[in-house]
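Structural description and commentary
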Amino acid sequence: MNFRGKVSIVRYMMTYCLLLIALFSLFTVVAVNFMADRAEEQTIRNKMSRQLRATAWRMSLQDGKLTLLPSKKIDTRLDEDFEFVILDQDGKVVFGEYPEDLKNLTDKIKENEFQTIKTEQSVYYVLDKSDLLNRILRVKDKYRIRGMINEDDIKTVYSQFKLYSYIGVAGAVVLVILMGMILQKQISVPMRDMCEQASQISEKMDLSERMEYSGKFEELDVLIKAYNSLLRKMEEVVERQEHFNSDVSHELRTPISVIRAQCQLTSGQLRQSKDVSVEKVIEVIDRQADKMDGIVEQMLSLSRIDQGRWIMNFDRVDLVDIIESVCEDEEDRGKHPFVYHLKHVFAEVDIDLITLVVRNLVSNASKYSEDGKTIVVDCGEDGNRVFIRVKDFGCGISEKDLPRIFEYYYRAEKSRNSEGFGLGLTIALKIARLHGGEIRVESEPGFGSAFTLFIEKERSAILIQPALDQPFPDQRRE
Ligand code: ADP
């Protein structure tokens, strides 16, 4: 089945869900990160401020020398991750020292500002304080204390938030994929299953079959019920049509035979009594009865083939014999000269059926071309197949009609005045398919048409019983 240009419902829903989740996640991650960064910065800043104050309280200045006194109070204890230096007015370190990887970047640090400095290995938070230290040491604007914390050493609750937001997004994506897999199982699989069932029904053209759906979705159930009801209706229509064909042809057959028998009897008697005018009337009736018989014959053959009641009798035959037997009759009418390119090729066929096809093709060639126009018939081999081609130089078939000429009862508008019923090609195609073959048409309006019947040479090559109601073949122009 061709699904070009179509997408699976589940894939469609999943794409939208994933897009939505991606957008939502992006927004969430950006918002969480932004808020967490702000809150984290504030927390670190407060912590550093506290540590700087504690450091200031523990500093003492004796004889111009700074020392760090041991802590006596809880609120003057320094955290392990906190480092500090004391700078003089010129920014020179007079107490403590910078962490190793920060030493070369000290000129980047701005005074009295909370900032982050990126070193090669990590990131440092830096904050200065001066007033309190100078007051405690009783000096004026002499020292500045600078605190530093390595980002790797502080774990705030906010970095956990960030982590949770990433886990949340990953979780949502996994959930959507899981949901997609479940939907796939519950919607896509039964739908594909239904399509499979539908195409099998149409391939076998077994309208008595019904589709099944045991899933829980109401919409799919409604679809199946609608499809099954359509199948039921089609089955009824086809049955009615088949019965109609069969009944009508049976009903007509007997009176036609009686009329024909009576005509032949009467015309024989009249010929002896030399009553020519009545004999002509009888001939007309006989000819009309003949045509009706042809139509009935076609309907009967079609209904037998359709109902599978035609018992195929395969015989090995030279196609030339079939062609000659059909064309002789047509040539006797004297309407068209015939040209033959015949090769003696043998095939295993049902002689009656193939004769019927050739008769239909030859009679169409004669019907749809003016008197006097040549009809060319040829036959030969084509790989494992044999072919019979009937070519005329008649009215041809328009582009609009070409794809429909094999349909039941289809007749092109301009053919309506000629005798016929629109069943000849339908029967011919069905017979071709029963022989594992096909019919190809090449036609040019105003120039003529060529119909080629292809069939398998060997009966064994017809592997499967061909579906009689396959779509009609694509036809091409010359
Ligand atoms: P019909 O009994 O009308 O001939 P067919 O099934 O044999 O029915 O043909 C269907 C239609 O195809 C015809 O009505 C005619 O319009 C067209 N057709 C068939 N054979 C030819 C041909 N050789 N040249 C032109 N038109 C043709």
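Rules behind the numbers
- Each residue is numbered by its place in its chain's sequence as written, counting from 1.
- Given that the model is predicted, a residue must reach a pLDDT of at least 70 before its local features are reported, and side-chain atom pairs must reach 80 or more before they are shown or counted; all residues, however, enter totals for whole chains, interfaces and linings.
- No hydrogens and no water enter the side-chain calculation; it runs on all heavy atoms of the structure.
- The pocket and cavity definitions rest on a 1 Å grid over protein atoms only: a 1.4 Å probe that fits but cannot leave marks a cavity, an open set with protein on both sides within 12 Å along at least five of seven lines marks a pocket, and residues lining either have an atom within 4 Å of a point.
- Grid points are joined across faces, edges and corners, and a volume is the space filled by probe spheres set on the points.
- Where helices and strands are cited, they refer to DSSP runs of H or I of at least four residues and of E of at least two residues respectively, numbered from the N terminus.
- Residues are grouped as follows: Ala, Val, Leu, Ile, Met, Phe, Trp, Tyr, Cys and Pro are nonpolar; Asp, Glu, Lys and Arg are charged; all remaining types, including Gly, are polar.
- Throughout, nonpolar core names a set of buried Ala, Val, Leu, Ile, Met, Phe, Trp, Tyr and Cys residues whose side chains join them through atoms within 4.5 Å.
- Partly exposed describes any residue whose relative accessible area lies between the buried limit of under 20% and the exposed limit of over 50%, with all areas from a 1.4 Å probe on protein chains only and scaled to the type maximum.
- Working rule for contacts: check all heavy atoms of both residues, and any pair within 4.5 Å makes them a contact.
- In this scheme, a helix's expected span is set at 1.5 Å multiplied by one less than its residue total.
- Two N or O atoms form a polar contact when they lie within 3.5 Å of each other; inside protein one atom must be a possible hydrogen donor and the other a possible acceptor, and for residues adjacent in sequence the pair counts only when both atoms belong to side chains.
- Known as pLDDT, the predictor's confidence for each residue is given on a scale from 0 to 100.
- A single heavy atom is enough: if one lies within 4 Å of a molecule or strand, its residue is considered near that molecule or strand.
- With residues, only the protein chains shown are counted as cover, and all accessible areas are computed by Shrake-Rupley using a 1.4 Å probe.
- Placement in a cavity or pocket follows one criterion, namely that more than half of the molecule's atoms lie within 2 Å of its grid points.
- A pairing counts as a salt bridge when a side-chain nitrogen of Lys or Arg comes within 4 Å of a carboxyl oxygen of Asp or Glu.

Quantified by volume, the largest pocket comes out at close to 1400 Å³. Along the walls of the largest pocket sit 43 residues, with Gln298, Ser363, Asn364, Lys367 and Glu419 positioned nearest its centre. Elements with a contribution of two residues or more to the lining of the largest pocket: α5 (276-306), α6 (319-332), α7 (351-367), α8 (424-434) and β14 (448-456). At nine residues, α7 tops the list of elements feeding residues into the lining of the largest pocket. Each residue belonging to the lining of the largest pocket can be placed in one class, and the counts come to 15 nonpolar, twelve polar and 16 charged.

Moving on, we come to the nonpolar core. In terms of nonpolar packing, the biggest core is built from 45 residues, with Ile354, Ile405, Ile431, Ile439, Phe451 and Leu453 touching the most fellow members. Element by element, the count of residues in this core is highest for α7, at eight residues. Beyond its immediate chain neighbours, meaning those up to four positions away, Ile354 contacts Ile322, Val349, Ile431, His435, Leu453 and Ile455. In terms of nonpolar packing, the next biggest core, distinct from the first, is built from 19 residues, Leu66, Ile86, Leu127 and Leu137 among them.

Moving on to α7. In a regular helix each residue adds 1.5 Å, so 17 residues correspond to 24 Å; α7 covers 24 Å between its end C-alpha atoms and thus fits that length. The buried fraction of α7 amounts to twelve of the 17 residues, a majority that puts the element mostly inside the structure. Taken residue by residue, α7 has Leu353, Ile354, Thr355, Leu356, Val357, Val358, Asn360, Leu361, Val362, Asn364, Ala365 and Ser366 as its buried positions. For α7, the capping residue at the N-terminal end is Asp350, with a side-chain oxygen 3.1 Å from the backbone nitrogen of Asp352.

A few words on the confidence of the model for the protein chain. Taken residue by residue, the protein chain gives an average pLDDT of 84. The fraction at 70 or more is 93%. Low pLDDT, under 50, characterises residues 464-468; the predicted model gives this stretch nine contacts beyond four residues in sequence or across chains.

Our next topic: the site of the ligand. Around the ligand there are 20 residues in total, and Asn364, Tyr368, Arg411, Ser415 and Leu425 lie nearest to it. At a separation of 2.9 Å, an oxygen atom of the ligand approaches a polar side-chain atom of Lys367. For the ligand, whose free accessible area comes to 520 Å², the fraction covered by protein is 98%. Comparing atom positions with the cavity grids shows the ligand to sit within the largest pocket. Contributions of two or more residues to the shell around the ligand are made by α7, α8 and β14. When the residues that make up the shell around the ligand are grouped by side-chain class, the tally is ten nonpolar, seven polar and three charged.

Attention shifts here to the pattern of salt bridges. Side chains that carry opposite charge are capable of pairing whenever their charged atoms lie near each other. A complete count under the given rule lists 17 salt bridges for this structure. A salt bridge links Asp81 to Lys47; the shortest N-O distance between them is 3.6 Å. Of this pair, Asp81 sits in the loop between β2 (65-68) and β3 (82-87) while Lys47 sits in helix α1 (residues 9-58), and the two are 34 residues apart along the sequence. Both residues of the pair, Asp81 and Lys47, count as buried. A salt bridge links Lys400 to Asp401, with the shortest nitrogen-to-oxygen separation between them at 3.6 Å. Look at Lys400 and you get exposed, because its relative accessible area is 60%.

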